[in-house]
Amino acid sequence: KIVNTNEPIPIHVAIASIKESYPNRRQIKDLEGWEAACMKFMRQLMRHPWVSAERPKYIFHVPVHMVFPEIRESYAAKIDHPMDLTTAEAKLLQGLYVSADEFMSD
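Below or above, wherever it landed, is the structure these notes cover. The model shown is predicted, which means the values in this text are computed figures rather than measured ones.

This part covers the layout of surface pockets. In this structure, the largest pocket occupies an estimated 470 Å³ of space. Taken together, 21 residues make up the lining of the largest pocket; nearest its centre are Phe60, Pro82, Met83, Asp84 and Leu85. Of all the elements in the fold, those that place two or more residues in the lining of the largest pocket are helix 2 (33-46), helix 4 (64-67), helix 5 (72-78), helix 6 (85-94) and helix 7 (100-105). Residues of the lining of the largest pocket, tallied by class, amount to 17 nonpolar, 1 polar and 3 charged.

Next comes the structure, spelled out in C-alpha cells:
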C-alpha cells in the first residue's frame, strides 16, 4: 500500500498499488460480452502512441497526484472526476461497471 505522500511515486509502484486495491479482478475470458468489448477497446487505447509514449512515460496509467503530487490541489480544482487507465481497467475486471456507457463515462 502507498502512504499519502508529497513525493512522486514510481509508475510501476503506483500501478501495482492500484491493482492491489481491486483484489477480485476476473480473468479476461470471464468477462460478459459488453465487458469484453470494453476491454478490447482498452487494449487498443493502450497501444495508441499518445498513451504508450516513452515521454512522458505512461502518464495516463496512474492518478496524476501519484506522479505529480505538487499539482494535487490545482488538478483537483479543475478536474471533477479524475480517472486513469489502470483504475478503469481494474474496475472493469472487478465488475464494478454496470454498463459500457458507465465504463466510457468514467
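Residue placement: histidine 61 occurs in the loop between helix 3 (49-52) and helix 4. The contacts of histidine 61, once residues within four sequence positions are left out, are Ile15, Ile18, Met46, Val51, Asp84, Leu85 and Thr86.

Enumeration according to the criterion identifies 1 aromatic pair in this entry. With a centroid separation of 5.4 Å and an interplanar angle of 80 degrees, the aromatic rings of tyrosine 97 and phenylalanine 103 are classed as edge-to-face. Tyrosine 97 sits in the buried class, given a relative accessible area of 4%. Phenylalanine 103 sits in the buried class, given a relative accessible area of 6%.

Quick look at the packing of helix 2 against helix 6 now. In contact at an axis separation of 10 Å, helix 2 and helix 6 are set at 160 degrees when each is read in the N-to-C sense. With respect to each other, helix 2 and helix 6 are oriented roughly antiparallel. Handedness of the crossing formed by helix 2 with helix 6: left-handed. Each of Trp34, Glu35, Cys38, Met39, Met42, Arg43, Leu45 and Met46 in helix 2 lies in contact with helix 6, whose residues at this interface are Leu85, Ala88, Glu89, Leu92 and Leu93. Considering only residue class, the contact of helix 2 with helix 6 consists of 10 nonpolar, no polar and 3 charged.

A few words on helix 2. Along an α-helix, residues three or four positions apart point the same way, because every turn accommodates 3.6 residues. For helix 2, built from 14 residues, the straight-helix expectation of 20 Å at 1.5 Å per residue is met to within 8% by its first-to-last C-alpha distance of 20 Å. Turning to helix 2, its buried residues are Glu35, Cys38, Met39, Met42 and Met46. Projected down its long axis, helix 2 shows its buried positions confined to an angular sector of 100 degrees, all on one face. In helix 2, the exposed residues that point more than 90 degrees away from the buried face are Gly33 and Lys40. For helix 2, the elements touching its buried residues are helix 3, helix 6 and helix 7.

Here is what the cut-offs are and how they apply
- Residues numbered from 1 in each chain as written.
- Predicted model: local features only at pLDDT ≥ 70, side-chain atom pairs only at ≥ 80, totals over all residues.
- Heavy atoms only, no water.
- 1 Å grid on protein atoms, 1.4 Å probe; cavity = no way out; pocket = protein on both sides within 12 Å on 5 of 7 lines; lining within 4 Å.
- Points joined across faces, edges and corners; volume = space filled by probe spheres on them.
- Helix = DSSP H or I, 4+ residues; strand = E, 2+ residues; numbered from the N terminus.
- Nonpolar A, V, L, I, M, F, W, Y, C, P; charged D, E, K, R; others polar.
- Contact = heavy atoms within 4.5 Å.
- Phe/Tyr/Trp six-rings, centres within 6.5 Å; stacked < 30°, edge-to-face > 60°.
- Buried < 20%, exposed > 50% of the residue type's maximum accessible area, 1.4 Å probe, protein only.
- Axes fitted to C-alpha atoms, helices over the stretch in contact; angles between N-to-C directions.
- Parallel < 35°, antiparallel > 145°, perpendicular 65-115°, else oblique.
- Left-handed = near helix turned anticlockwise from the far one by under 90°.
- Expected span 1.5 Å × (residues − 1).
- Arc of directions from axis to C-beta.

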